[in-house]
Amino acid sequence: MAKKKMQFKIKGMTCAACVARVERAVAWVPGVDKVSVNLANELMYLETQGEVSIETIVDAVKKSGYEADYQDEQQKSVRFKVKGMTCSACSARVEKILGKQQGVLQARVNLADETAVVRMEPGADLDNISEAVQKAGFEIQAVEDKTRAYDEDMTLRLRQMRARAVMAMAFAVPLMIVSMGEMVGIPLPSVISHHDNPLNFALVQLLLTLPIVWSGRNFYFFGFRNLYHLAPNMDSLIAIGTGAALVYSSWNLVEIILGHMPHERAMDLYFESAAVIIAMVSLGKFLEQRAKTRTSDAIRQLIKLRTDKAVVVEGDEQITINVEDIEHDQILVVRPGERIPVDGTVVQGSSAVDESMLTGESIPRTKAVGDKVYGGTLNTNGNIRFRAEKVGSETALARIIKMIEEAQGSKAPIASLADRVSLYFVPVVIVLAFVSGLAWLLLGQTEFTFALRIFIAVLVIACPCALGLATPTAIMVGTGRGPSWAF
């Protein structure tokens, strides 16, 4: 029975424990022969024996606490420029209209840059889609920018993570000065000093902490969600540790308001611990995302070698069409300075073609009738006509891009071992944190605050970030640099 390969985009993964959990859930699906999940590019690759439905795979991933989106090679994404939107209601309306059109699988509208990214089935009519939006009172135009469509999600996520990290660090610095300044000789105004005004001292810390907690709200969303699914991950460690510090400090703030030993309670606040942990981890995640985004440069550069339009000979006329619409055996015309759109055989004319993107040889090769030409190569000095033989995903350039994507999604044996370790590592750390805190509290006869610090420290320091990201990121960087001679 022939094997079938499938590819899914996985959303919601934050650490190696997530990878191991998704792999284990999908591996139990009948018919799945091999599964590999890459945290760095958030893709899952499957090999199946026989028929395995997409819905079955998606449900298995969903039950493990994550989202899966099937990536069909025949599907395409088109980016539109939408004019006339003035508020979020407009963008929501455009998104709803696009989502209802025949052949549209998914539509996302961005009000800020007035764009819409539409994922559709092959054969979907762009004219009908545009007409539906125009009837609603908006102007819409397709933008031929495949590179932008390829990495738009990662770039947008990088901007969001940068904004969150900057906000968190901006509030964390004054929070540290207020909470720890007097310990290192930095005097505070009496109005917020814990000696003179313990309530103001505590309230200022709370007000500086709230924006940081809001910027890191995803830690709590994903962390507690995975706990609910009995699948704790790195975010769960952060959420439990900082959450415990916030709850304890908030209780002490209430005690200060009620006048119960305000000076002692003011020195027993841990707002800065929770806030700085969130700020530092947010900064680390931003740097991690930036490294992951840069590793896709190789594929982006290869995609730039593609041309968007092609000239087709129909009788005595030459018609310009989209490359996606080229069919087998059509006769195409390529002028000097243009890139060859697909693979084929020259039927008329001769020229020198720069094939350095395939061979690495900088000297152009002469092409005459009967010679092969390849999509993405550059026609330098003559008009040629050739017959299209390989189109779409069949071209040499498309296969190269596919091979690089698969290589970046591959998993070394050491990475699989790290993922298996991470699966059990997180729950073990949670148990050890509780045991450590209770041991110091009950056996060590220490104060509750000291035991709480031990509990938090074990949770937040033991996060297995590098354990699950080092190898896949290294593979992506290596495969990205491998074909760099083509650029």
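Residues numbered from 1 in each chain as written. Predicted model: local features only at pLDDT ≥ 70, side-chain atom pairs only at ≥ 80, totals over all residues. Heavy atoms only, no water.

Caption draft 1: Geometry of helix α4 (residues 126-135). Restricting attention to buried positions, one finds in α4 the residues Ile-129, Ser-130, Ala-132 and Val-133. When α4 is viewed along its axis, its buried side chains cluster within an angular range of 155 degrees and face the same direction. Exposed positions of α4 whose direction lies more than 90 degrees from the buried face are Asp-127 and Lys-135. (Buried < 20%, exposed > 50% of the residue type's maximum accessible area, 1.4 Å probe, protein only. Helix = DSSP H or I, 4+ residues; strand = E, 2+ residues; numbered from the N terminus. Arc of directions from axis to C-beta.)

Caption draft 2: Up close: the pairing of strand β7 (residues 115-120). By the criterion of burial, β7 is predominantly enclosed, with 6 of the 6 residues buried. Here β7 shows no split at all, with Thr-115, Val-117 and Arg-119 on one side and Ala-116, Val-118 and Met-120 on the other all buried. Sheet analysis places strand β6 (residues 104-110) next to β7, joined by 6 bridges and oriented antiparallel. Directly across from Ala-107, in β7, lies its bridge partner Val-118. (Pairing = 2+ DSSP bridges.)

Caption draft 3: Layout of the sheet that holds strand β16 (residues 378-379). Spatial ordering of the open sheet is given by β14-β13-β16, a layout of 3 strands whose pairing is antiparallel. The sheet is open, and its two borders are formed by β14 (365-367) and β16, each paired with just one other strand. As defined by bridge partners, strand β13 (residues 351-354) adjoins β14 across 3 bridges and the pair is classed as antiparallel. Its bridge partner being in β14, Val-353 is matched across the sheet by Arg-365.

Caption draft 4: Region of the structure containing a nonpolar patch on the surface. Together, Val-173, Ile-177, Met-183, Val-184, Ile-186 and Met-267 make up an exposed nonpolar region whose accessible area comes to about 580 Å². With respect to the secondary-structure elements, Val-173 resides in helix α5 (residues 146-180). Take Val-173: its relative accessible area is 48%, and that puts it in the partly exposed class. (Patch = residues over 30% accessible without salt bridge, like charges linked within 9 Å, V, L, I, M, F, W, Y side chains within 5 Å. Areas by Shrake-Rupley, 256 points an atom, 1.4 Å probe, with all protein chains shown as cover. Salt bridge = Lys/Arg side-chain N within 4 Å of Asp/Glu carboxyl O.)

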